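# Structural overview for review
Below are the chains, spelled out letter by letter.
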Amino acid sequence: MSQPKPLNLPFDPIDRAAETWRVHFGASSAMAAVTSIMRAHQILLSQLDSLLKPYDLTFARYEALVLLTFSKTGALPLWKIGERLMVHPTSVTNTIDRLERSGLVRRMPNPRDGRGVLAEITQAGRDVVRRATDDLMAAEFGLEMYAESELGRMFDLLRTLRVAAGDFSAPTMGQDEEHGGLL
């Protein structure tokens, strides 16, 4: 897997910033954690986008294709794609535009809503998702350095943040009829 250019610093810059923060502002645990999460995001996005580049995908476009693959009919309204991927409607439009130009999805009128538009995954899109997923799984989504139990703990820790932000209610993880699963 292609890695971002290593910094090769002789010290941990986030730990150094936390030490300096403590001197100037006080407690630095939250700042150090946020800065670490943001750096991890940069590293992972770079790695994942590098893995997906041969498929002319970014991680955002890959996520949209996977969501369509998981849907019962292979098609979803654009608003629902935005809701499920937690992105702005403009981002959904741009993502679907790119996927449509690549022949991986097609737009079609929503038969349930005369004004609405559905994005439907094509067979080429399904093929690309399968191949790209094989590559991502082989690379363990860039997290191969963690044990399964650590990944579970990481998910749980970050879930607390997502619940606090109002992404969902923790106790209700019900079945989504349109997807036929837990989404």
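Our structure is the block above this text.
As a starting point, this report considers the structure included with it. (Residues numbered from 1 in each chain as written. Predicted model: local features only at pLDDT ≥ 70, side-chain atom pairs only at ≥ 80, totals over all residues. Heavy atoms only, no water.)

### Observations regarding the pattern of salt bridges
Side-chain pairs of opposite charge can arise whenever the charged atoms involved come near each other. Selection rule: Counted as salt bridges are all cases of a side-chain nitrogen of Lys or Arg within 4 Å of a carboxyl oxygen of Asp or Glu.
Under the defined criterion, the tally for this structure stands at 6 salt bridges. In this structure, R107 engages E100 in a salt bridge whose closest nitrogen and oxygen atoms are separated by 2.6 Å.

### Comments concerning unusual backbone geometry
The cut-off we apply is this: Under the scheme used here, helices are H or I runs from DSSP no shorter than 4 residues and strands are E runs no shorter than 2 residues, and both carry numbers assigned from the N terminus. Buried means the residue's accessible area, taken with a 1.4 Å probe over protein chains only, is under 20% of the maximum for its type, while exposed means over 50%, and partly exposed covers the values in between.
In this structure, N8 takes a positive phi of about 50° despite not being glycine. Relative to the helices and strands, N8 resides in the segment before α1 (13-24). Relative accessible area serves as the criterion here: at 69%, N8 is assigned to the exposed category. With phi around 50°, E140 is a residue other than glycine that occupies positive phi space. Mapped onto the secondary structure, E140 falls in the loop between α6 (123-138) and α7 (148-164).

### Regarding the pairing of strand β3 (residues 113-121)
Condition: The pairing criterion for strands is at least two bridges between them, as found by DSSP.
Pairing between strand β1 (residues 75-77) and β3: 3 bridges, direction antiparallel. The residue bridging P77 from the neighbouring strand is L118, located in β3. Where strand β2 (residues 105-110) hands over to β3, the hairpin turn is made up of 2 residues, counted between the paired strands.

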